[in-house]
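Per-entry structural report
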Amino acid sequence: IEIPGEPVASAEPEELVAAALTERHAFPAAFAPFRDDAARDRLIRALPGLAARGGALLEPWLERTRDLSVCLRIPEPGEADPRPVMLGSLEMLASPSGVYRGHVGEVDSRGRVFSGDADDETLRAEGAVVAGLARAAGLHGVCGVDAFRYVAGGHTHRRGVVEVNARATMGLVA
């Protein structure tokens, strides 16, 4: 089994779950890894199959308050300007269970689309950095970089760059 960035040489599924459970410091108030023992047991039984298919990224369920996305275009090799083009930043609307409902954004006087989030400029800058790294790795075309806000310990936090979609995203289509 390999965790992104570091190989796990000889970890048994139970050891991986135990390691995940000790990582509570990242999300102290919101970390609720399993509803019950049956859910934990299902995960333990699923780990070998997940490993056989290339692994999985397990994250705690967080109380999201906003889903955010940056849409960009990564230039093709040989284009005069190699910098990623910012197409816009948006807030994704989703049901409490995560079902897509649409996107919203604010349009400024120059026609640029912004998410309206207080940290929108940071969101856009992070997206541009990720798109630049993707271009250096040989990718080009449209892409999306996702982030979100969540509540933990009575405070709202922003989690940046949680997913990179190397394709046209719903935000671009919407």
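Per chain, residues are indexed from 1 in the order of the written sequence. Owing to the predicted nature of the model, reporting of local features is limited to residues with pLDDT of at least 70; listing and counting of side-chain atom pairs is limited to 80 or more, with chain, interface and lining totals taken over all residues. In computing side-chain values, all of the structure's heavy atoms are included and hydrogens and water are not.

1. Brief notes about the confidence of the model for the chain
Definition in use: As a per-residue measure, pLDDT reflects the predictor's confidence and takes values from 0 up to 100. Strands are runs of DSSP state E lasting at least two residues, helices are runs of H or I lasting at least four, and both sets are numbered from the N terminus onward. Whether two residues are in contact is decided by their heavy atoms: any pair within 4.5 Å suffices.
Per-residue confidence for the chain gives a mean pLDDT of 78, with 79% of residues at or over 70. Averaged pLDDT values over the elements of the chain bottom out at 34 in strand E1 (residues 2-3) and peak at 94 in strand E6 (residues 106-107). Low pLDDT, under 50, characterises residues 1-14; the predicted model gives this stretch 14 contacts beyond four residues in sequence or across chains.

2. What to know about the pairing of strand E4 (residues 85-94)
Inclusion rule: Two strands pair if DSSP finds at least two bridges between them.
In the sheet, strand E3 (residues 63-74) pairs with E4 via 7 bridges, with the strands oriented antiparallel. Considered in E4, the bridge of valine 70 is made with serine 89. Where E4 hands over to strand E5 (residues 100-104), the hairpin turn is made up of 5 residues, of which glycine 98 adopts a positive phi near 95 degrees.

3. Topic: the sheet that holds strand E8 (residues 141-152)
Cut-off, in case you're wondering: Lines fitted to the C-alpha atoms define the axes, with helices restricted to the stretch that makes contact. Angles between their N-to-C directions range from 0 to 180 degrees.
Read from one edge of the open sheet, 5 strands run E5-E4-E3-E8-E9, paired in antiparallel fashion. What marks the edges here is a single partner per strand, and that holds for E5 and strand E9 (155-165). Across the sheet, the mean angle from the axis of one strand to that of its neighbour is 30 degrees, orientation sign disregarded. Of the pairings in the sheet, the one linking E4 to E5 comprises 4 bridges and is antiparallel in character. Bridge assignment links glutamate 91 to a residue of E5, and that residue is valine 104.

4. Examining the pattern of salt bridges
Inclusion rule: For salt bridges, the criterion is a side-chain nitrogen of Lys or Arg within 4 Å of an Asp or Glu carboxyl oxygen.
Within the structure shown, the criterion is met by 11 salt bridges. Shared partners join several salt bridges into a network, and the residues in it are Arg66, Glu91, Asp117, Asp119, Glu126, Arg149 and Arg158.

5. Concerning unusual backbone geometry
Counted only if it meets this: Exposure categories follow from relative accessible area, calculated using a 1.4 Å probe and restricted to protein chains: below 20% of the type maximum is buried, above 50% is exposed, and the middle band is partly exposed.
With a phi angle near 45 degrees, valine 161 is a residue other than glycine that sits in the positive phi range. Structurally, valine 161 can be placed in strand E9. In this structure valine 161 comes out as partly exposed when scored by relative accessible area, which is 34%.

6. Concerning helix H2 (residues 37-52)
Residue pairs three or four apart in sequence face the same way in an α-helix, which turns once every 3.6 residues. Here is the rule we go by: One fewer than the residue count of a helix, multiplied by 1.5 Å, yields its expected span. One axis is fitted to the seven residues ending at the residue and one to the seven starting there. The bend at that residue is the angle between these axes.
Between its first and last C-alpha, H2 extends 24 Å over 16 residues, near the 22 Å set by a 1.5 Å rise per residue. By the largest-angle criterion, alanine 46 marks the main kink of H2, which is about 35 degrees, and a proline, proline 48, follows within four residues. Taken as a whole, H2 has its buried residues at Ala39, Leu43, Ile44 and Leu47. Positive phi appears at glycine 54, one or two residues downstream of H2, with a value of about 110 degrees.

7. Quick word on a nonpolar patch on the surface
For clarity, the cut-off: Here, patches come from residues exposed beyond 30% relative accessible area and free of salt bridges, joined within 9 Å for like charges and within 5 Å for nonpolar side chains (Val, Leu, Ile, Met, Phe, Trp, Tyr). Note that accessible areas follow from Shrake-Rupley with a 1.4 Å probe, and for residues the cover is restricted to the protein chains shown.
Taken together, Val85, Leu87, Met170, Leu172 and Val173 make up a surface patch of nonpolar side chains, about 410 Å² in accessible area. The set of elements that each furnish at least two residues to the nonpolar patch consists of E4 and helix H4 (170-173). On the secondary structure map, leucine 87 appears in strand E4.

8. Re the side chain of aspartate 120
Mapped onto the fold, aspartate 120 is located in helix H3 (residues 120-136). Using a relative accessible area of 5% as the deciding quantity, one classes aspartate 120 as buried.

9. Observations concerning the environment of leucine 62
Counting through the fold element by element, leucine 62 comes out in the loop between H2 and E3. The exposure class of leucine 62 is buried, given its relative accessible area of 6%. Separated by 89 residues in the primary sequence, leucine 62 and valine 151 have C-alpha atoms spaced 7.3 Å apart.

10. As for the nonpolar core
We count it as follows: The definition of a nonpolar core used throughout is a set of buried Ala, Val, Leu, Ile, Met, Phe, Trp, Tyr and Cys residues joined through side-chain atoms within 4.5 Å.
Counting 11 residues, the largest nonpolar core is built from Leu68, Val70, Leu72, Ile74, Leu123, Val130, Ala131, Ala134, Cys143, Val145 and Ala147. In contact with isoleucine 74, not counting residues within four places along its chain, are Ala131, Ala134, Arg135, Leu139, His140, Gly141 and Cys143.

11. Some remarks on the packing of aromatic side chains
How we decide: For Phe, Tyr and Trp, rings pair up if their centres lie within 6.5 Å, where Trp contributes its six-membered ring, and each pair is then called stacked (planes under 30 degrees apart), edge-to-face (over 60) or tilted (otherwise). Look at NZ for Lys and CZ for Arg. If either is within 6 Å of the ring centre and within 35 degrees of the ring normal, a charge sits over the ring.
This model, assessed by the stated rule, comprises 1 aromatic pair. Above the face of the phenylalanine 148 ring, arginine 64 is positioned so that its terminal group lies 3.8 Å from the ring centre.

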